[in-house]
Amino acid sequence: MTGQTEKGNATVLLVIRGILILVLNMIFYVVIVFATVEICKFTYSFANEVFGEVMAEAPPGQDKVFVIQKAEDSLTIAKNLEREGIVSNAYSFYIRLKLSLSDTNIVAAGSYNLNTSMTYKEILGEIVKKVSTDEKRKN
């Protein structure tokens, strides 16, 4: 009889092992699906901030004076805009700013009257200026 008991115990252990493997696989795939969905949501949201019409606050917003120094780089400008509450995300604005710059478009130093309800496109329209390539070489 001990032979049958050992076979029964071995069968029970195999069934338990199979169930555990099945449950662990299910948990693994649920985590993978959840992570994939979250990554997709983040990517969509970030891309919408870069290419969409995003603003820090709903209209009417608040008017703020924003100063750009001559030696400031694009990332510093974007971070300062976020700190002042003019843009919602410095990194998405930075990417949009870099995409808008070219040989004839530069960020002009100066003082700007901006509003927290302005879209990225409107802000860029204020701070990015078109210049000739000769003027850019002087700066």
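Predicted model only: the values in this text are computed from it and were never measured.

**Student:** Just checking my understanding: could you explain the packing of helix α3 (residues 90–100) against helix α4 (residues 120–127) for this structure?
**Tutor:** When two helices pack together, their arrangement is captured by the angle between the axes and the distance separating the axes. At a closest axis distance of 11 Å, the pairing of α3 and α4 adopts a crossing angle of 50°. The orientation of α3 with respect to α4, classified from their angle, is oblique. As for the relative orientation of α3 and α4, their crossing is right-handed in sense. Contacts between α3 and α4 involve S92, F93, R96, L97 and S100 from the former and Y120, K121, I123, L124 and I127 from the latter.

**Student:** Explanation requested: α3 in the structure shown.
**Tutor:** Because each turn of an α-helix spans 3.6 residues, side chains separated by three or four positions in sequence point in the same direction. For α3, the set of buried residues is A90, S92, F93, R96 and L97. The buried residues of α3 occupy an angular sector of 165° when the element is viewed end-on, so they sit on one face. Of the residues flanking the start of α3, the one acting as N-cap is N89, its side-chain oxygen 2.8 Å from the backbone nitrogen of Y91.

**Student:** Please explain the packing of aromatic side chains as it appears in this structure.
**Tutor:** Two numbers describe a pair of aromatic rings. These are the distance of the centres and the angle of the planes. One pass over the full model with this rule turns up 3 aromatic pairs. Centroid distance F42 to F46: 6.2 Å. Interplanar angle 20°. Geometry classified as stacked. Here F42 and its partner F46 are both found in helix α1 (residues 2–51), 4 residues apart, which amounts to about one turn of the helix. By relative accessible area, which is 57% here, F42 ends up exposed. Their ring planes at 90° and their centres at 5.2 Å tell us that F93 and Y120 sit as a pair that is edge-to-face. Of this pair, F93 sits in helix α3 while Y120 sits in helix α4; the two residues are 27 residues apart in sequence, bridging distant segments of the chain. Residue classification places F93 among the buried residues on the basis of a relative accessible area of 0%. Y120 gets classed as buried once you look at its relative accessible area, which sits at 1%.

**Student:** What's the story with helix α2 (residues 74–83) in this structure? I'm lost.
**Tutor:** Along α2, the residues that are buried comprise S74, I77, A78, N80 and L81. Seen from one end, α2 has its buried residues packed into an arc of 165°, which puts them on one side. For α2, the secondary structure elements touched by its buried residues are β1 (63–68), α3, β2 (105–107), β3 (110–115) and α4. The first or second residue beyond α2 is G85, which carries a positive phi of 85°.

**Student:** So what exactly am I meant to see when it comes to a nonpolar patch on the surface here?
**Tutor:** Together, V15, I19, V23, L24, I27 and V31 line one region of the surface with nonpolar side chains, adding up to about 530 Å² of accessible area. Among the structural elements, I27 can be located in helix α1. In this structure I27 comes out as partly exposed when scored by relative accessible area, which is 48%.

**Student:** Please explain the nonpolar core as it appears in this structure.
**Tutor:** Nonpolar side chains in soluble globular proteins generally cluster together in the buried interior. Residues F66, L81, F93, L114, I123 and I127 are the most contacted members of the largest nonpolar core, which totals 20 residues. Those elements giving two or more residues to this core turn out to be β1, α2, α3, β3 and α4. It is α4 that provides the largest number of residues to this core, a total of 4 residues. Setting aside chain neighbours within four positions, we find F93 in contact with A78, L81, V87, Y120, I123, L124 and I127.

**Student:** How should unusual backbone geometry be read in this particular structure?
**Tutor:** Negative phi is the rule for most residues except glycine; trans is the rule for most peptide bonds. For the bond from P59 to P60, the omega torsion is 10°, close enough to zero to count as cis. Here P60 is to be found in the loop between α1 and β1.

Reading the values: rules and limits
- All residue numbers refer to position in the chain's written sequence, counted from 1.
- Restriction of local features to residues with pLDDT of at least 70 applies here, the model being predicted, together with a cutoff of 80 or more for giving and counting side-chain atom pairs; totals for whole chains, interfaces and linings are based on all residues.
- Each side-chain value is worked out from all heavy atoms of the structure, with water and hydrogens disregarded.
- Note on geometry: axes are lines fitted to C-alpha atoms, helical ones only across the stretch in contact, with angles between N-to-C directions running from 0 to 180 degrees.
- A run of H or I in DSSP becomes a helix once it reaches four residues, and a run of E becomes a strand once it reaches two; helices and strands are each numbered from the N terminus.
- Orientation categories follow fixed angle ranges, with anything under 35 degrees roughly parallel, anything over 145 roughly antiparallel, 65 to 115 roughly perpendicular, and all other angles oblique.
- For any pair of crossing helices, the crossing counts as left-handed if the nearer helix is rotated counterclockwise from the farther one by less than a right angle, and right-handed if it is rotated clockwise.
- Pairs of residues are marked as contacts when any of their non-hydrogen atoms sit within 4.5 Å.
- Think of it in three bands: residues with accessible area under 20% of the maximum for their type are buried, residues over 50% are exposed, and the middle band is partly exposed, with areas taken using a 1.4 Å probe on protein chains only.
- What the arc measures is the spread of directions leading from the helix axis to the C-beta atoms.
- For the purposes of these results, a polar contact is taken to be a pair of N or O atoms within 3.5 Å, where, inside protein, one atom must be able to donate a hydrogen and its partner to accept one; residues adjacent in sequence count only when each atom of the pair is a side-chain atom.
- Planes of paired rings set the category: under 30 degrees apart is stacked, over 60 is edge-to-face and the rest tilted, where pairs are Phe, Tyr or Trp rings (Trp by its six-membered ring) whose centres lie within 6.5 Å.
- To count toward a patch, a residue needs a relative accessible area above 30% and no salt bridge. Like charges then connect within 9 Å, nonpolar side chains (Val, Leu, Ile, Met, Phe, Trp, Tyr) within 5 Å.
- Only the protein chains shown count as cover for residues, and all accessible areas are computed by the Shrake-Rupley method using a 1.4 Å probe.
- Salt bridges, as used here, are contacts in which a Lys or Arg side-chain nitrogen is within 4 Å of a carboxyl oxygen on Asp or Glu.
- The nonpolar core is taken to be a set of buried Ala, Val, Leu, Ile, Met, Phe, Trp, Tyr and Cys residues, with the residues joined through side-chain atoms within 4.5 Å.

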